[in-house]
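# Geometric and topological summary
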Amino acid sequence: MKRGIVVLCLCVMAMAAYYTTDRWAIRHRTLTFHDVLRDDRNVTVEVAVRRDREMQALAEMIDLPVAILSHGNTVKNTEYSFLTNVFASRGYLVVSIQHDLDTDAPMVTKVGEEYVGRRMQYNRGDLNIMYAIDELKKIYPNADYHHLTLIGHSNGGDISMYFARQHPDLVKKVVTLDNLRVPFVTNGKIKILSFRSKDPQFKTDPGVVPDDETCKKLGIKVVRTEFQHNQLSDRGPDSVKSSIQGAVQEFLDENDGESMPTAPLLAASEPASTTEKK
């Protein structure tokens with residue numbers, strides 16, 4: 001009975017969508033969870049998902065592919081809409097996690113230490129991702145949490161690559177924007193796309209990006225750009241964001257197998273998100 005009602009709702013929504021503007025096609029909501037095992041630490045996520053795909057998952061017709069986005073240092077999790085738009089428009093459940101809290105100690109750089117002393121932040125990011133997934137399973141049970149796509153800028157790219165190294169069986173694809181510390185996964189099973197900036201203030205540590213021969217052998221795609229490190233978020237110019245969107249679309253076309261219907265990117269822009277606490 002429930003399935004029949006949901007399918008009927010889908011038909012009604014499809015007809016409504018035909019006559020209404022595309023900008024309402026993607027739903028945004030903000031959820032805040034509290035990790036009791038870490039002193040009730042707030043783990044806030046912004047979720048973006050196409051409404052039609054969300055209804056299909058609710059009706060148990062599909063499992064939503066899942067993309068986890070991790071922000072850069074001093075950048076908020078909500079400042080990557082140009083990327084969440086791409087993934088959500090293709091039918092992904094996109095989860096942007098706020099890793100840093102105002103009460104957290106600032107990141108430090110300790111030359112000579114592994115990951116220049118930032119393992120603590122990477123472990124925290126790893127725990128945030130796993131905890132967010134556990135909570136989201138209760139809300140979106142019909143999603144594929146075993147073949148994750150990870151996206152991250154700068155420190156968030158390092159968190160993404162660190163998570164992939166720790167949990168290779170859970171990760172299918174990684175997209176990084178100028179991660180500087182954590183070496184790429186080179187098991188040949190995880191598809192990787194990485195954008196590299198040309199910025200004298202942000203230097204990639206030795207050994208992070210494999211050499212060209214290794215990249216070619218493993219199918220790792222490295223895009224060397226003229227962009228500045230801090231342009232790789234919503235703060236950057238439209239030309240930068242458009243270029244990255246195009247390369248990401250091409251990467252997904254190559255690696256998503258059966259292509260999913262894509263909504264216009266403008267559809268991801270909704271005036272306000274729903275904020276909920278769990």
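I will try to describe carefully the structure that is included in this document. Because the structure is a prediction, the values reported are computed rather than measured.

### Points about the overall build of the protein
- When its secondary structure is counted, the protein shows seven helices and nine strands.
- Counting across all 278 residues of the protein, residues that qualify as buried make up 51%.

### A word on the pairing of strand β4 (residues 93–98)
- Of all six residues making up β4, six are buried, and the element is well covered by its neighbours.
- Residues L93, V95 and I97 of β4 are buried on one face, and the alternating residues V94, S96 and Q98, pointing to the opposite face, are buried as well.
- Summarising the sheet, strand β2 (residues 41–50) and β4 pair through five bridges and their orientation is antiparallel. Residue V47 lies in a different strand from β4, and its bridge partner there is V95.
- Taken together, the five bridges between strand β3 (residues 64–70) and β4 define a ladder with parallel strand orientation. Residue I68 lies in a different strand from β4, and its bridge partner there is V95.
- Note that the unit made of β3, helix α3 (residues 81–89) and β4 has a crossover that is right-handed.

### What to know about the pairing of β3
- Within β3, seven of the seven residues are buried, leaving the element largely enclosed by the surrounding structure.
- Burial along β3 is two-sided: L64, V66, I68 and S70 facing one way and P65, A67 and L69 facing the other are all buried.
- Relative to strand β5 (residues 143–153), β3 runs parallel, the two being bridged by six bridges. Bridge pairing in β5 links L64 to A143.

### Quick word on the pattern of salt bridges
- Summed over the entire model, instances satisfying the criterion amount to 17 salt bridges.
- We note a salt bridge from R27 to E54, for which the minimum N-O separation is 3.0 Å. With a gap of 27 residues between them, R27 in strand β1 (residues 26–35) and E54 in helix α2 (residues 51–58) connect regions that are remote in the sequence.
- In this structure, K173 engages D256 in a salt bridge whose closest nitrogen and oxygen atoms are separated by 3.1 Å. Note that K173 is positioned in strand β6 (residues 171–177) and D256 in the loop between α7 (238–255) and β9 (274–277), a separation of 83 residues in sequence.
- The exposure class of D256 is buried, given its relative accessible area of 15%.
- Where salt bridges share partners, they join R41, D100, D104 and R124 into one cluster.

### Points about the packing of aromatic side chains
- This structure, assessed with the given rule, holds five aromatic pairs.
- Where F87 meets Y92, the ring centres are 5.2 Å apart and the plane angle is 85°; that geometry is what we call edge-to-face. Residues F87 and Y92 agree in their burial class; the two are buried.
- Aromatic side chains Y122 and Y162 sit 5.8 Å apart centroid to centroid with 40° between the ring planes, which places their arrangement in the tilted category.

### Topic: unusual backbone geometry
- If you check the backbone angles, S154 has positive phi at about 55° while not being a glycine.
- With respect to the secondary-structure elements, S154 resides in the loop between β5 and α5 (155–166).

### Some points on the side chain of S154
- The exposure class of S154 is buried, given its relative accessible area of 12%.
- Not counting residues within four places of it along the chain, the set of residues in contact with S154 comprises G72, L177, D178, N179 and H229.

Conventions used here
- Residues numbered from 1 in each chain as written.
- Predicted model: local features only at pLDDT ≥ 70, side-chain atom pairs only at ≥ 80, totals over all residues.
- Heavy atoms only, no water.
- Helix = DSSP H or I, 4+ residues; strand = E, 2+ residues; numbered from the N terminus.
- Buried < 20%, exposed > 50% of the residue type's maximum accessible area, 1.4 Å probe, protein only.
- Pairing = 2+ DSSP bridges.
- Right-handed = clockwise from strand over helix to strand, strands pointing away.
- Salt bridge = Lys/Arg side-chain N within 4 Å of Asp/Glu carboxyl O.
- Phe/Tyr/Trp six-rings, centres within 6.5 Å; stacked < 30°, edge-to-face > 60°.
- Contact = heavy atoms within 4.5 Å.

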